[in-house]
Structure formats: structure tokens, C-alpha cells
Amino acid sequence: MKQLNIGIAGLGNVGSALIQTVEENKNYFLNKTDVSLNIVGISAKTKNKKRNFNISNYAWYDDPREMSKNDQFDVIIELIGEEKGISYEIIELALRNKKHVVTGNKALIANHGKELFELANQYSLALSYEAAVAGGIPVIKTIKNSINLDKINRISGILNGTTNYILTKMQEDNLSFDEVLKIAKEKGFTSDQESKLDIGGYDAAHKLTILSTLCFKSNLNFNNNYIEGISNIKIEDINFAKKLGYKIKLISEACIIENKISNFTSPKLVQIDNPLASVDNALNAINIETVHLQNLFLEGEGAGGKPTASSVLSDLYDISQNEKFDNLGFKIDKLQNYEKYSSENIINSYYLRIMAEDKPGVLSSITNYFSDFNISVKKILQLPENSDVDKPIPIIITTHNVKKEKLSNVINKIESLDFVKEKIILLAIHDN
Ligand SMILES: NC(=O)c1ccc[n+]([C@@H]2O[C@H](COP(=O)([O-])OP(=O)(O)OC[C@H]3O[C@@H](n4cnc5c(N)ncnc54)[C@H](OP(=O)(O)O)[C@@H]3O)[C@@H](O)[C@H]2O)c1
């Protein structure tokens, strides 16, 4: 029997769920694997907080760093979630004291992972992070182990449950972004602090940074991301997209173009028959396109205590079984510093909503600009929404593939026309 002596720093959603799961399944784990998960010490901010397990079963540490230094621990699990600060200190200390580390902290890995992976490598230790991307979906191990030798061409997905819940609710209940955000906060799906990271697209971009490192050996560099959140998404656009056969989703996508890294997180129109369009509410999904697999689609619970604890458990099992740890699925010296691909060079098809005066000649003037710039229009919808002639009406245009830079030039021209009354809404369309 192999015993892992474990210290857990952070007893919130994930830490508590992990302890409950281990308590409830200890014998099952032991019978199945001959591995005993022995939780020795725990730490959180407030000792006398009500928890859903009995803290007196474990040694309590006011300062989690003391566990990182203590010889009786084999593994330290960091579930506090600070981007640096105490979370970084716990992990660094644990590695320097020859302990394996498991974390669910994507912000920390995306921003400071490189030096920590170097440290883990120096001491031949595990720094495991399955829980950091898409909660309970085993995407890290799939890339690192299962398809490690299959060249990945592109990875894309829905990596943030809160934003997916908001967009789903807007569409289903015909509510505005602000109305749904209020509901999400009331239901405890997101807090004021978390919602900035979620809605701004940063949380998804943290996860994409990690995925693009695993897929393309690109150095962990959060600055390589283009990030646009969902706070400007209007219910009108969700409804027009629906009429055209699309749903709006926050899509994160990474690939290499012309030997440069392209990491994008932005709201996109997704065709209704694309599997990503059916991923609703708080679910996450990832689609991996490789040389051998056209679409490897993983879908599941991307957040929540129990699903995320499941990923932590799988990391613990790996640690118990291995003596060598390629934490990235390749040697750390293979990491490459890619240049960032310019967003203006991206070629995509687009959705535009132009709010213009309802008068003769408007539509033809607009379409003339598209033909002058040689941009191929796929569909046009002109939808008079009211009988009030003074109010602008929406003109919806979708394009075929076009370079973003070229489209930006046309948009600037059209926005300067006196009959165009608002800033043009522009959203990319996700190709299948
Ligand atoms: N929740 C999810 O669905 C999910 C999914 C994937 C990944 N993750 C990641 O998993 C990690 C944990 O998330 P969570 O949702 O469980 O967080 P959480 O509920 O906010 O819990 C954070 C825990 O850290 C403790 N803590 C804060 N400062 C501390 C300090 N200075 N010393 C010791 N403990 C301290 C808190 O103590 P108190 O309890 O005393 O306040 C709390 O127990 C984060 O990195 C998160 O990004 C979470």
C-alpha cells in the first residue's frame, strides 16, 4: 500500500468538497488502487468558520506555509486561489522542501507558472493542475498524456461557466445582461470580485494560456492573450443571431499562425449545429483539432466543489503512481517564446449590427462600401422594429471570411456617415 500524506491549504468550495469525498470514499480508493489518501493537515483563513466536515479530525495550521515546510507531508494542495501572494509562497516553499504540489489556481499558473515548473523540474517533483482548467473535465491529462504525440492544430472551447450561464439565460428568458448578472449574483454563482474576472474574459484567458502552452509549447505568458468579455452583449444581438441560426458564446481559441501564437477569448456567434452551441448554462466544453482527430470534444462540469475535487483526486493518483513528472507533457526547456499574432491580421467571418436612419438609399450606400473594399457579404437583414421614423433601425450584415484590418477600415467609413446613428456592433463568427 502506498500512503500519501497530504496538507490542504484552502477549505472553500473545492477544499471542503475534496475532504468530504476523501472521507466518504477512503475504502473505495484503497480497494481500487492500493493508495491511501491520508489528510494530515488543513489550513484556512478563519478557524472557527462553520465547515461541512469536522476540522478536529485533522491538524490545524493557522499559517499554511508551515505545512509546506513540515517533513511529514508528501503533497501540498493549494486551493486558496490568490494570483500570487500566499498561494505562490505555499507552492514555492513546498517545492523547495521537496513536496509535490496540486493546485486549481489558473491565475497563478498562467502568470507565474514558468518559474514554478522550473523549480518542480529541478527537484523532480509534480506540480499538478488538472483542476485549474475546466473544473472536472480531464483536459490537461488528455493533452499531456493521451494525445501527446498527435500534433494539435487548434483548441477552442467554452472555459467559463458563469459567462456561459449568463449568455444562456439571456437567450432563454429574453433578459438583458444586467438583469441576468443580478440573478447570477443572487444565486451565488459569482461574486462582485469574481464577476470581474469571469465577465471580463480574464478567467477564460487564464485557462487558455495554460491550454495553449500544453498544445503548442508556448511559454506561459498571459500577455499573449486578446481578451474581450461579454458585458457589451445586447439582447438584440442574441435575438438577431438566433434568427440567423447562431448562438452567442464566449469562445476561447488558440492556434499557431505563421509561427506566431494566436490566443483569443471573445464573444462569438456559433452556428446552431456546432457542438459548442449546445453547451449551455454553467457547462464547459473543449474541442481539440489534431492531425489524427478532426474534433475531439470534451464536455462537462467546469466548476463546482465536487467536479473540481475529482480533478484534484486524479492528480493525487498520478503522484502516487509515478516517480518522474513531466508536468507539461514535454521537457520544460522546449518552451518557446512565440510572437503574438496581430488581431488585425485575423481572417474570419463577421456579424455586424448597424443602426441607421430608416430612409431610402441607406442600405445601398452601406453595401456599396462593402463592394468598394471587396468584402463579400453573406447575408443582410433589414428589420424595421418600430413605426417611429425618427428612431434608427438595425441593419444586420454577415460577411464571408475577411481580414479584420480590412473590415475595420470599412466600419470606420460607415460609422462616419450621417445616417448611421450608433457605434457598429461587430462580432466574429466561429467557424466549424
Ligand atoms: N470553485 C470552483 O468551482 C473552482 C473550479 C476550478 C478551479 N477552482 C480554483 O480552486 C481554487 C479554490 O477555489 P474555491 O472556489 O474553493 O475558493 P474559495 O471557496 O474562495 O475558498 C478559498 C479558501 O482559501 C482560504 N484562504 C484565504 N486566504 C487564506 C490564507 N491567507 N491562508 C489560508 N487559507 C486562506 C479561505 O479560508 P476561509 O474558508 O476561512 O475563508 C477559503 O477556505 C482557486 O484557485 C480557484 O480558482 C475553483
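Residues numbered from 1 in each chain as written. Predicted model: local features only at pLDDT ≥ 70, side-chain atom pairs only at ≥ 80, totals over all residues.

1. Focus: the overall build of the protein
When helices and strands are counted, the protein shows 13 helices and 18 strands. Relative to the compact-globule value of 22 Å for 432 residues, the protein shows a C-alpha radius of gyration of 24 Å, a close match. The principal-axis extents of the C-alpha atoms in the protein amount to approximately 80 × 45 × 35 Å. Counting over 432 residues, the protein shows a buried share of 43%. Looking at the protein alone, contacts between residues at least 24 apart form 75% of all its contacts between residues at least 6 apart. (Helix = DSSP H or I, 4+ residues; strand = E, 2+ residues; numbered from the N terminus. Rg over C-alpha atoms; globule rule 2.2 N^0.38 Å. Buried ≥ 20, exposed ≤ 12 C-beta atoms within 10 Å, placed from the backbone. Contact = placed C-beta atoms within 7 Å.)

2. Quick word on the nonpolar core
Most often, soluble globular proteins have nonpolar side chains that are buried together. Among the nonpolar cores identified, the biggest contains 114 residues, and Ile8, Ile76, Ile77 and Leu127 are the most heavily contacted of them. A per-element tally of this core places helix 9 (residues 202–216) first, with 9 residues. Contact partners of isoleucine 8, with chain neighbours within four places excluded, come to Gly15, Leu18, Ile19, Ile39, Ile42, Ile77 and Leu79. (Core = buried A, V, L, I, M, F, W, Y, C linked by C-beta atoms within 7 Å.)

3. Side note on the domain arrangement of the protein
Partitioning the protein into domains gives domain 1 (2–135 + 308–328), domain 2 (139–301 + 336–340) and domain 3 (344–430). Here the C-alpha centre of domain 3 lies 26 Å away from the C-alpha centre of domain 2. Taken together, the contact between domain 2 and domain 3 spans 14 residues of the former and 12 residues of the latter. Those elements that place two or more of their residues in the side of domain 2 that touches domain 3 are helix 10 (235–243), strand 9 (246–257) and strand 10 (260–271). (Domains from an automatic or database assignment.)

4. Concerning unusual backbone geometry
Residues other than glycine seldom take positive phi values, yet lysine 98 does so here, at roughly 65°. Note that lysine 98 resides in the loop between helix 3 (85–96) and strand 5 (100–103). Despite not being glycine, asparagine 374 shows a phi value in the positive range, around 60°. Topologically, asparagine 374 is positioned in the loop between helix 12 (362–372) and strand 15 (377–382).

5. Here we look at the sheet that holds strand 4 (residues 75–78)
The strand order across the open sheet formed by 6 strands is 3-2-1-4-5-6, and the pairing between neighbours is parallel. Looking along the sheet, the strands with just one partner apiece sit at the ends: strand 3 (59–60) and strand 6 (127–128). The pairing of strand 1 (residues 2–9) with strand 4 spans 4 bridges and is classified as parallel. Paired with isoleucine 6 across the bridge in strand 4 is valine 75. (Pairing = 2+ DSSP bridges.)

6. As for the site of the ligand
Around the ligand, a shell composed of 25 residues is seen, among which Gly12, Ala44, Gly81, Gly104 and Ala303 lie nearest. At 3 residues, helix 1 (residues 13–33) tops the list of elements feeding residues into the shell around the ligand. Looking at the shell around the ligand, its residues break down into 10 nonpolar, 12 polar and 3 charged. (Near = placed C-beta within 6 Å. Nonpolar A, V, L, I, M, F, W, Y, C, P; charged D, E, K, R; others polar.)

7. A closer look at the packing of helix 6 (residues 161–173) against helix 7 (residues 177–186)
The N-to-C vectors of helix 6 and helix 7 enclose an angle of 125°; their axes lie 9 Å apart at closest approach. By the criterion of interaxial angle, the relationship of helix 6 to helix 7 is oblique. As helix 6 runs across helix 7, the sense of the crossing is right-handed. Side by side, helix 6 and helix 7 meet where Thr162, Tyr165, Ile166, Lys169 and Met170 of the first sit next to Phe177, Val180, Leu181, Ile183 and Ala184 of the second. (Axes fitted to C-alpha atoms, helices over the stretch in contact; angles between N-to-C directions. Parallel < 35°, antiparallel > 145°, perpendicular 65-115°, else oblique. Left-handed = near helix turned anticlockwise from the far one by under 90°.)

8. Let's talk about the pairing of strand 2 (residues 35–43)
With 8 bridges connecting them, strand 1 and strand 2 associate as parallel partners. When the bridges of strand 2 are listed, isoleucine 8 appears paired with isoleucine 42. Where the polypeptide runs from strand 1 across helix 1 and back to strand 2, its parallel neighbour, the crossover connection is right-handed. Relative to strand 3, strand 2 runs parallel, the two being bridged by 2 bridges. The residue bridging glycine 41 from the neighbouring strand is alanine 59, located in strand 3. (Right-handed = clockwise from strand over helix to strand, strands pointing away.)

9. Concerning helix 10
Those residues of helix 10 not exposed but buried are Asp237, Ile238, Phe240 and Ala241. Viewed along the axis of helix 10, the buried residues span an arc of 165°, placing them on a single side of the element. With its phi angle positive at about 95°, glycine 245 sits one or two positions after the end of helix 10. (Arc of directions from axis to C-beta.)

10. With respect to the packing of helix 3 against helix 4 (residues 106–122)
The interhelical angle for the contact between helix 3 and helix 4, taken along N-to-C directions, is 15°, at an axis separation of 10 Å. In terms of orientation, helix 3 and helix 4 fall into the roughly parallel class. Here the hand of the crossing between helix 3 and helix 4 comes out right-handed. Side by side, helix 3 and helix 4 meet where Ser87, Tyr88, Ile91, Glu92 and Leu95 of the first sit next to Leu108, His112, Leu116, Leu119 and Ala120 of the second.

11. Focus: the environment of arginine 353
Secondary-structure assignment places arginine 353 in strand 14 (residues 347–356). Its 20 C-beta neighbours within 10 Å are what place arginine 353 among the buried residues. Sequence separation of arginine 353 and lysine 260 is 93 residues, and the distance between their C-alpha atoms is 31 Å. What arginine 353 contacts, discounting residues up to four positions off in sequence, is Asp237, Phe240, Pro394, Ile396, Ile424 and Ile425.

12. What about the environment of valine 402?
For valine 402, the position within the fold is in strand 17 (residues 402–403). Expressed as a C-alpha distance, the spacing of valine 402 and asparagine 348, which sit 54 residues apart in the sequence, is 5.6 Å. Contacts of valine 402, omitting those with residues within four sequence positions, involve Ile347, Tyr350, Ile375 and Leu407.

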